[in-house]
Amino acid sequence: MFPSDFILVEMAAGCHLSLQHPYQIFHISYISPDVSPHPLNLTTALPQTPSLSLVKFEDCQHSKAVGFESSDPNFSVRPDGSVYAEQEVANLSEPIQFMVTARGGHDPHIWETTVKLALFGHQPSVPVREKERKETHTGYLYPVIKFPRKHQKSSSANGLRRQKRDWVIPPINVPENSRGPFPQMLVRIRSDQDLEKGIRYSITGAGADQPPIDVYNIDPVHGKMFVTRPLDREERASYHLRAHAVDMNGNKVESPIDLYIYVIDMNDNRPEFQNQVYNGSVAEGSKPGTLVMQVTANDSDDDTTANGMVRYRILSQTPHMPIPNMFTINSETGDIFTMAAGLDREKVSQYIIIVQATDMEGNLNFGLSNTATALISVTDINDNPPELTARTFSGEVPENSVNVVVANLTVIDRDQPHSPNWAAQYRIASGDPQGHFLIRTNPVNNDGMVTVVKPVDYEQNRAFMLTVIVSNKAPLASGIQSSLQSSAGVTISVQDVNESPVFPTNPKSIRFEEGVPAGTTLTVFAAQDPDLFIQQTVRYSKLSDPANWLRINRTNGQITTMAVLDRESMYVRNNIYEATFLAADNGSPPASGTGTLQIHLIDVNDNAPVMMPKEAQLCERANPRSKVNITASDADADPHVGPFVFELPSYPPSIRRNWTISRISGDYAQLRLRIPYLDAEVYDVPIIVSDSGNPPLSNRSIIKVKVCPCDDNGDCTTTGAVAAAGLGTGAIIAILICIIILLILVLVFVMWMKRREKERQAKPLLIDPEDDVRDNILKYDEEGGGEEDQDYDLSQLQQPESVEHIISKPVGVRRVDERPIIAESQYPVRPSLPHPGDIGDFINDGLRAADNDPTAPPYDSLLVFDYEGSGSTAGSVSSLNSSSSGDQDYDYLNDWGPRFKKLADLYGGGEDD
């Protein structure tokens with residue numbers, strides 16, 4: 001590989017220059033503002049021939065005639081740009097440098113470039129400058145190229161005039177995964193002004209001073225740029241840097257130029273399949289060339305080079321049936337196709353294919369490989385018709401049975417189970433014109449279940465001969481014919497059973513007038529026995545007769561009445577009375593049937609009309625608004641109902657004298673007063689109502705009319721209503737007197753309560769009744785003694801039973817409830833009829849007597865407790881002393897009354913002091 005870091009390029013303005021090596025291409029460009037950008041390519045290479053280099057030149061005007069001249073007579077340049085040695089160069093210990101000049105045919109410009117040849121690894125025999133020594137590397141012969149200088153012819157004495165110069169550098173290609181050593185030199189950047197003054201070089205951009213940082217650095221003095229570590233094209237494929245040249249004072253010497261570094265791809269990545277296992281399917285019987293599936297592998301290397309070009313091939317196929325190569329794969333796309341015919345799911349349901357992907361365009365010697373598994377399932381098609389396992393099947397069915405499986409048809413289908421290609425459908429082709437049978441498919445085992453859906457009669461058909469055809473839910477595949485075993489015969493035998501007697505007409509309807517007497521024959525309700533080949537006796541009984549009106553003959557089914565039939569009965573609905581009867585034979589086992597008899601009752605006029613209402617009110621004075629509306633109803637049906645006739649009876653005469661009735665419509669009439677005034681009272685007014693039957697029926701009804709005084713609106717007043725209810729004047733006065741007396745009693749009681757309240761406020765009691773606790777029992781919780789106080793004598797708390805017990809006790813030891821043996825005090829006696837105002841005085845006298853009575857509880861005696869133990873973990877309260885440092889005055893105890901007299905004597909000194 002020709003190292004690019006030893007190229008020194010100096011270029012005049014106006015054209016493009018390219019330098020080619022056997023393995024690398026560096027593009028260097030500079031465009032002068034005064035020249036149009038036509039390409040000029042200068043390519044230098046070191047071929048594997050006697051030619052040392054190749055210089056190819058194109059001027060900006062694309063001149064065909066280009067001449068080359070070498071300044072060294074030992075080297076020449078052919079018209080095609082080949083640089084060759086005119087004679088053998090004996091000594092290469094020193095670099096050889098010469099200039100090549102290019103002239104166009106009609107172009108007055110002259111282009112120059114410098115070619116410098118040196119032998120790497122050979123120390124020069126004579127000292128060389130340090131600068132040149134740094135430009136040489138052992139073992140390589142490299143050209144040092146300076147940018148060409150552009151000359152123009154001039155009439156001046158100076159001849160050619162040099163134009164403005166600038167500096168550029170060709171793109172750099174760096175292979176990835178280089179082993180170093182690092183840092184490794186890539187290229188040297190040089191300005192043609194470095195001979196005149198000191199230059200400092202620097203680079204900026206991603207890879208230098210931007211992330212990733214320090215991938216590249218540059219020698220600021222000599223302009224040599226290095227790579228510091230191995231590169232990975234898969235992480236970053238190119239870098240764009242900018243080179244800067246400044247003087248020692250930091251002033252810009254040259255304009256920054258762009259450096260493009262391309263990372264050359266190496267085959268360091270294997271192809272990776274997107275999945276380790278691929279699943280595909282192909283229908284059985286598919287033709288060769290049918291697409292099955294596609295596998296895909298990706299290579300992270302450059303796919304524009306052989307490193308990233310993946311090729312596929314099939315390594316193995318399992319099983320090898322019917323041939324080992326049933327499938328093939330497109331080496332470029334990874335599409336898998338069928339290669340041969342003969343796919344049969346019933347023989348092989350799945351193939352396992354091992355696929356290999358190799359880069360380097362499938363070169364197994366240099367490429368990297370990877371494998372994946374393709375699972376190809378052979379999908380089912382309906383290429384196997386169902387076949388019945390037998391040519392004939394048989395079964396039995398009891399007559400009159402429904403939804404009973406009578407035969408089971410078994411079938412074989414080699415297609416995939418539980419798929420439409422496998423699921424069987426059964427059809428009865430002949431032998432069942434009335435549709436007594438239906439064949440259902442068992443979804444588990446695909447069997448056909450012959451089921452009775454309509455009852456069969458042994459007396460009509462003793463056997464059925466069915467022809468059954470079986471097929472699949474899915475149609476057969478193209479070219480597949482039905483099997484001869486897809487049809488079979490089914491024989492169904494009918495078994496005779498004892499059938500229930502049947503009423504020919506059920507329900508049976510008859511018509512009769514209501515009111516027929518008991519014992520009337522209505523009809524004969526007989527049943528027939530369907531068992532024609534068995535002689536049996538039928539017996540009848542009554543099953544349902546809500547009104548208990550009918551009777552049936554046990555042997556012949558004759559029905560007679562037991563009571564009068566009434567159409568208006570609650571058991572009759574819509575003029576129809578229903579009764580149910582039972583017919584049973586004497587077979588084995590016995591069978592019975594039911595029949596319903598419907599009797600349509602024809603109405604007769606047997607119900608008199610009923611008048612409404614039964615009570616009413618009228619004003620005692622006749623007026624147009626004072627009237628009573630009357631209506632009538634009849635339980636019979638038309639024409640035995642209205643229009644009704646309303647009339648007043650002629651007796652007693654006062655009825656027609658005081659009242660009048662007028663008909664409004666066929667069902668309504670109005671009752672009014674005939675006289676202007678009638679005393680307030682309750683009157684029984686008889687009214688005769690007749691219907692329109694033939695003959696008509698009449699009913700005498702009583703209506704209670706309450707006559708009362710009315711207000712201006714025609715409504716009865718309260719007093720009038722009471723009077724009308726039948727109360728006399730005396731009764732009303734007695735009621736009012738009772739009410740007045742009750743009010744007076746209530747008023748007296750209220751006044752007495754107020755007077756008592758005033759007296760209580762004038763002379764209040766000494767003790768509020770709510771605060772008096774003498775008659776209350778206060779119960780407190782028992783806390784018990786200390787831990788050691790678990791055994792004590794309860795007898796110390798008992799009431800003594802005799803005086804001797806008290807006398808015999810030691811002196812100074814008395815019970816808390818012991819009573820002193822002294823004369824009792826005399827309490828005041830309350831008068832038999834005390835005045836209410838003396839109640840307070842009486843209570844005060846009794847209080848003073850009780851306070852001065854030493855025999856009254858609580859007794860002023862010594863309180864003795866039981867022994868509570870030697871101590872407790874709770875400590876003692878005896879250490880709690882009074883914080884008072886002086887004597888305390890207890891004289892105020894004398895003001896607390898007789899109950900505290902003893903304390904006052906003990907502590908306060910009392911009156912004796």
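Residues numbered from 1 in each chain as written. Predicted model: local features only at pLDDT ≥ 70, side-chain atom pairs only at ≥ 80, totals over all residues. Heavy atoms only, no water.

Here we come to the overall build of the chain. Scanning the chain from N- to C-terminus turns up 7 helices and 50 strands. Residues counted as buried form 35% of the 913 residues belonging to the chain. Expressed as a percentage of contacts within the chain between residues at least 6 apart in sequence, the contacts between residues at least 24 apart total 63%. (Helix = DSSP H or I, 4+ residues; strand = E, 2+ residues; numbered from the N terminus. Buried < 20%, exposed > 50% of the residue type's maximum accessible area, 1.4 Å probe, protein only. Contact = heavy atoms within 4.5 Å.)

Taken as a whole and judged by the stated rule, the model has 12 aromatic pairs. Geometrically, the ring pair formed by F273 and Y312 is tilted, given 6.3 Å between the ring centres and 55 degrees between the ring planes. Taken together, the positions of F273 in strand β18 (residues 272-273) and Y312 in strand β22 (residues 311-318) put the pair 39 residues apart, joining distant regions of the chain. Owing to a relative accessible area of 7%, Y312 belongs among the buried residues under this scheme. Look at W659 and Y683: their rings are 6.2 Å apart centre to centre, the planes differ by 70 degrees, and that puts the pair in the edge-to-face class. Within this pair, whereas W659 is found in strand β47 (residues 659-663), its partner Y683 is found in strand β49 (residues 681-690), the two being separated by 24 residues in sequence. (Phe/Tyr/Trp six-rings, centres within 6.5 Å; stacked < 30°, edge-to-face > 60°.)

When the UniProt feature table is mapped to this numbering, "transmembrane region" (unreviewed entry) covers residues 731-753. For the annotated span residues 731-753, helix accounts for 100% and strand for 0% of the residues, and the straight-line distance between the end C-alpha atoms is 34 Å. (UniProt positions renumbered as here; feature names shortened; annotations may be inferred.)

What follows deals with the state of the cysteines. Working definition of a disulfide: a covalent bond connecting the sulfur atoms of two cysteines. What the rule picks out here adds up to 2 disulfides. Across the disulfide from C619 sits C710; the S-S distance is 1.9 Å. One quick way to see it: the torsion about the S-S bond of C619 and C710 is about -105 degrees, and its sign makes the bridge left-handed. Remark: C710 occurs in the loop between β50 (698-708) and α3 (718-724) and C619 occurs in strand β44 (residues 615-619); sequence separation between them is 91 residues. Judged by its relative accessible area of 5%, C619 falls in the buried class. Classification of C710 as partly exposed rests on a relative accessible area of 25%. Each sulfur in the disulfide pair C708 and C716 lies 1.5 Å from the other. On the basis of relative accessible area, C708 is assigned to the buried category, the value being 1%. (Disulfide = S-S within 2.5 Å.)

Once that is clear, we can look at unusual backbone geometry. In this chain, N506 is followed by P507 through a cis amide linkage whose omega measures 0 degrees. Note on placement: P507 falls in the loop between β35 (487-495) and β36 (508-513). Cis rather than trans, the peptide bond between M612 and P613 has omega equal to 0 degrees. The topology assignment puts P613 in the loop between β43 (610-612) and β44. Positive phi is not limited to glycine here, since D214 has a value of about 65 degrees.

Let us look at the pairing of strand β7 (residues 82-85). Relative to β7, strand β6 (residues 75-77) runs antiparallel, the two sharing 3 bridges. Looking at the pairing, F75 lines up with A85 of β7. With antiparallel pairing between neighbouring strands as the criterion, β6 and β7 make up a hairpin whose turn holds 4 residues, including G81 at a positive phi of roughly 95 degrees. (Pairing = 2+ DSSP bridges.)

Here we come to the side chain of E399. Position of E399 among the secondary structure elements: in the loop between β28 (392-398) and β29 (405-409). Of the side chains with opposite charge, R462 comes closest to the buried, unpaired E399, at an N-O distance of 9.4 Å. Within the structure, the side chain of E399 is placed 2.8 Å from the backbone nitrogen of Y458, a separation counted as a polar contact. Leaving out residues up to four positions away in the same chain, E399 has contacts with V456, D457, Y458, E459, V494, Q495, D496, V497, E499 and D531. (Lys, Arg positive; Asp, Glu negative; His and termini not counted. Salt bridge = Lys/Arg side-chain N within 4 Å of Asp/Glu carboxyl O. Polar contact = N/O pair within 3.5 Å; in protein donor to acceptor, adjacent residues only side chain to side chain.)

What follows concerns the pattern of salt bridges. Once the charged atoms of two side chains with opposite charge are near each other, the side chains can pair. Under the defined criterion, the tally for this structure stands at 11 salt bridges. The partner of R242 in a salt bridge is D258, with the nearest N and O atoms 3.1 Å apart. Taken as a pair, R242 in strand β16 (residues 238-247) and D258 in strand β17 (residues 252-264) lie far apart in primary sequence, 16 residues in all. Assessed through its relative accessible area of 37%, R242 is described here as partly exposed. With a relative accessible area of 33%, D258 lands in the partly exposed category. One network of salt bridges, in which partners are shared, links R233, E234 and D265.

Each strand in a sheet pairs with another by means of backbone hydrogen bonds, the pair being arranged parallel or else antiparallel. In space, the 4 strands of this open sheet follow the order β43-β45-β48-β47, with antiparallel pairing throughout. Bordering the open sheet on either side are β43 and β47, each of which pairs with just one other strand. The mean angle between the axes of side-by-side strands here comes to 30 degrees, regardless of whether they run parallel or antiparallel. As paired elements, strand β45 (residues 628-633) and strand β48 (residues 668-673) share 4 bridges and run antiparallel to each other. Opposite V628, over in β48, you have L671 as the bridge partner. (Axes fitted to C-alpha atoms, helices over the stretch in contact; angles between N-to-C directions.)

With that settled, the discussion passes to the sheet that holds strand β32 (residues 437-441). Sheet architecture is open: 3 strands sit in the order β29-β33-β32, paired in antiparallel fashion. Every interior strand has two partners, whereas the edge strands, β29 and β32, have only one. Between one strand and the next, the sheet's axes are offset by a mean angle of 25 degrees, whatever the strand orientation.

As a further point, take the confidence of the model for the chain. Confidence in the prediction for the chain averages 76 pLDDT; 71% of positions are at 70 or higher. Within the model, pLDDT remains below 50 along residues 120-168, and this stretch shows 148 contacts once partners closer than five positions in the same chain are excluded. (pLDDT = per-residue confidence, 0-100.)

Here we come to the environment of D496. Considering the arrangement of structural elements, one finds D496 in the loop between β35 and β36. Linking D496 and D457, residues 39 residues apart in sequence, is a C-alpha distance of 8.1 Å. Not counting the four nearest positions on each side in its chain, D496 is found in contact with E399, Y458, E459, D531 and I534.

This part takes up the pairing of strand β13 (residues 199-205). Side chains of β13 alternate between two faces, with I199, Y201, I203 and G205 buried and R200, S202 and T204 left unburied. As defined by bridge partners, β13 adjoins β16 across 7 bridges and the pair is classed as antiparallel. Paired with T204 across the bridge in β16 is R242.

The next subject is the environment of P230. Positionally, P230 belongs in the loop between β15 (224-227) and β16. Judged by its relative accessible area of 45%, P230 is partly exposed. For the pair formed by P230 and S178, sequence separation is 52 residues and the distance between their alpha carbons is 5.3 Å. When neighbours within four sequence positions are excluded, P230 is seen to be in contact with N177, S178 and F182.

Another aspect to go through is the side chain of N421. In this fold, N421 is placed in the loop between β30 (411-412) and β31 (424-430). Given a relative accessible area of 13%, N421 falls into the buried group. Among the polar contacts listed, one links the side chain of N421 to the side chain of D380, at a separation of 3.1 Å.

Within the secondary structure, V355 is located in strand β25 (residues 350-358). Sequence separation of V355 and T373 is 18 residues, and the distance between their C-alpha atoms is 6.2 Å. Other than its neighbours up to four places away in sequence, V355 contacts F273, V295, Y312, R313, I329, I336, N370, T371, A372 and A374.

Nonpolar side chains collect at one region of the surface, where L742, V746, F749, V750, W752 and M753 lie side by side and expose about 590 Å² of accessible area between them. Assignment of secondary structure puts V746 in helix α4 (residues 729-762). Assessed through its relative accessible area of 46%, V746 is described here as partly exposed. (Patch = residues over 30% accessible without salt bridge, like charges linked within 9 Å, V, L, I, M, F, W, Y side chains within 5 Å. Areas by Shrake-Rupley, 256 points an atom, 1.4 Å probe, with all protein chains shown as cover.)

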